[in-house]
Amino acid sequence: MAFDYDLFVIGGGSGGVRAARVAASGGAKVALAEEDRYGGTCVIRGCVPKKLMVFASEFAGTPDQARAYGWDLSLGAFDWTAFSGQLNTELDRLEEVYRNLLKNSGVDSFDARARLTDAHTVELSTGKSFTAKHILVATGGHPVRPDMPNAHLGMVSDDIFKLKKLPKSVLIVGGGYIACEFAGILNGLGVNVTQYYRGAQILRGFDDEARGLIAESMQEKGIDLHLGTNILEMAPASADHSASHAGTGSDAAMGAPVGTTQDLLPGAEDTGEPVWVKATNGSENVFDAVFFATGRDPNTADMGLEEVGVKIGRRGEIVVDEYSQSSVPSIYAIGDVTNRVALTPVAIREGMAFVETVFNGNPTPVDHELIPTAIFTQPEMGTVGMSEEEAREQEPVEIYCTSFRPMKSAFANQPDRVLFKLVVSKATRKVLGCHMVAPGAGEMIQLAGIAIKMGATKEDFDRTVAVHPTMSEEIVTMREPIRTA
Ligand code: NDP
């Protein structure tokens, strides 16, 4: 049977664009449909704008430190309008880059929503239909609000980048990557941040010692973090709900509170009036905004997937095998829509492995082991491999760990501490996990990740000469384990 295309990709995010480009460069006839902006979550409403906001927020700490180093510097006002204008210009530029990458590799792209009508046919919202030998679903995910009355009054991460003004006060609900990163960002930008996390410690699943230091540092920087606390009820703030207002943020930085439709850019979620919130600890407060960072679900609704026989999992994800193939042989899926490891570089890897498998005749399973990752909290965390808690369930381990005030903050008499930790197998001496909490930890863990992926032992770390004077030299100079388990 002759198909219109060799490959039809649904979704123009990092994974989909990479797979489309690489397949097309190898000679395949490829099309791609995207209903929103090209670049997907990472470029448009995730990693990229988030990291730029981290940069913006970190300047808040600069004058204090600079003064200790002899500079006469003081903190002026933060201009959200100027920053977000620049941010949007940058995102427009990046979106154009993505469009051009597709065009230049010969991919036909369609600005349309796509759904499947059979195992080889894609129907677009424009009314056109195309057949393809292979279909790749790379539709990503979306943030979810908790299932509770008035949850629509809260924003989600997509909305943050569209705000016309920053709120004076915000309640962030959740303790994962997004909650903790935005707590640091908004706090740095002068917003009065309260964070509720229902569990005992933020960043569940990461190394206990590392997340403990991050939580402590976040509190030191002024984030009002409540552990073991969740949102119980919420409603528009009104005479009936006259609890204390948490909006004591810096006027210099903020301007008027957010909350009315005219405060928001076109397309932004209407976060309504300030919100009254009752917490599980019984407290009642009013916040200018509530921000739910309570997880993300795969984008699989209303795509005709189940109708054509694609198996969908409990969270709405497409169930795939190690080659990213779904239960329908012609349909593959990569990235967040598969709910494996929801990280951009992983989606890109999965896209490359898909092309290798399907178009280059070289079956390539995706390697999800030892993925280094960074969490852009303030302080930042870089991590690869197992946490101490995970490793000690598996085998006897030695723990090497040091936490100290680095030279730069000690000189400025600032409290900031860093942490470097290695989890080592007693039997094989292999480094099973490396955890860093420090400025630039994301950059450092990329390099440590190579050694650990290669199977480096503690002795390999030991025989590497320290780079002096740096914080990270501690990673090769820790001689004695602080404990064994
Ligand atoms: P996560 O799944 O990491 O965190 C969700 C948080 O919300 C958890 O703390 C969870 O609590 C809490 N939660 C879930 N449901 C409720 C509820 N009903 N009421 C109260 N709290 C609730 O999701 P994120 O949205 O933070 O991030 C999604 C994914 O995006 C991450 O897993 C990561 O893969 C990716 N990401 C990566 C980044 C990076 O690489 N730097 C940055 C941002 C996102 P509990 O722990 O109790 O379940």
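Quick note: structure is the one above.
Residues numbered from 1 in each chain as written. Predicted model: local features only at pLDDT ≥ 70, side-chain atom pairs only at ≥ 80, totals over all residues. Heavy atoms only, no water.

(A) Spatial organisation of the packing of aromatic side chains. Taken as a whole and judged by the stated rule, the model has 14 aromatic pairs. Each ring, one from Phe182 and one from Phe291, has its centre 5.5 Å from the other, and the planes form 70 degrees; the classification is edge-to-face. Residue Phe182 is located in helix 7 (residues 177-188), and its partner Phe291 is located in strand 15 (residues 289-292); the two are separated by 109 residues in the primary sequence. Of the two residues, Phe182 and Phe291, both sit in the buried class. Taken together, the aromatic side chains of Tyr5, Phe8, Phe110 and Phe130 make up a single cluster linked through ring pairs. Note that Lys458 overlies the ring of Tyr400, its terminal NZ or CZ placed 4.3 Å from the centroid. (Phe/Tyr/Trp six-rings, centres within 6.5 Å; stacked < 30°, edge-to-face > 60°. Helix = DSSP H or I, 4+ residues; strand = E, 2+ residues; numbered from the N terminus. Buried < 20%, exposed > 50% of the residue type's maximum accessible area, 1.4 Å probe, protein only. Lys NZ or Arg CZ within 6 Å of the ring centre and 35° of its normal.)

(B) Looking closely at the sheet that holds strand 15. Strand order in the open sheet formed by four strands is 10-9-8-15, with parallel pairing between adjacent strands. Only two strands of the sheet have a single neighbouring strand rather than two, namely strand 10 (224-227) and strand 15. On average, adjacent strands in this sheet sit at an angle of 15 degrees to one another, irrespective of strand direction. Pairing between strand 8 (residues 169-173) and strand 9 (residues 192-197): five bridges, direction parallel. (Pairing = 2+ DSSP bridges. Axes fitted to C-alpha atoms, helices over the stretch in contact; angles between N-to-C directions.)

(C) The arrangement of the sheet that holds strand 22 (residues 431-437) in detail. The strand order across the open sheet formed by six strands is 18-19-22-21-20-23, and the pairing between neighbours is antiparallel. The open sheet has two edge strands, strand 18 (373-375) and strand 23 (483-484), and neither has a second partner. Relative to strand 22, strand 19 (residues 381-385) is paired through five bridges, and the arrangement is antiparallel. Across the sheet, the residue bridging to Met381 is Val437, located in strand 22. Lying over the sheet, helix 13 (residues 441-453) contacts strand 18, strand 19, strand 21 (418-425) and strand 22, oriented at roughly 170 degrees with respect to strand 22. (Contact = heavy atoms within 4.5 Å.)

(D) The environment of Ser327, seen in detail. Within the element layout of this structure, Ser327 appears in the loop between strand 16 (296-298) and strand 17 (331-333). Residue classification places Ser327 among the partly exposed positions, given a relative accessible area of 44%. Linking Ser327 and Val431, residues 104 residues apart in sequence, is a C-alpha distance of 37 Å. A polar contact is formed between the side chain of Ser327 and the backbone oxygen of Gly309, at a distance of 2.9 Å. (Polar contact = N/O pair within 3.5 Å; in protein donor to acceptor, adjacent residues only side chain to side chain.)

(E) Summary view of the pairing of strand 22. Extensive coverage of strand 22 is indicated by the burial of seven of its seven residues. Bridge analysis of strand 21 against strand 22 gives six bridges, and the strand direction is antiparallel. When the sheet's bridge partners are listed, Leu419 is paired in strand 22 with Val437. Counted between consecutive antiparallel strands, the loop separating strand 21 from strand 22 contains five residues, among which Arg429 sits at a positive phi close to 70 degrees.

(F) Quick look at helix 10 (residues 344-358). In a regular helix each residue adds 1.5 Å, so 15 residues correspond to 21 Å; helix 10 covers 21 Å between its end C-alpha atoms and thus fits that length. Listed in full, the buried residues belonging to helix 10 are Thr344, Val346, Ala347, Ile348, Glu350, Gly351, Ala353, Phe354, Val355 and Thr357. Tucked into the core, helix 10 has its buried residues touching strand 1 (5-10), helix 1 (14-25), helix 2 (40-45), helix 3 (47-58), strand 6 (129-137) and strand 17. (Expected span 1.5 Å × (residues − 1).)

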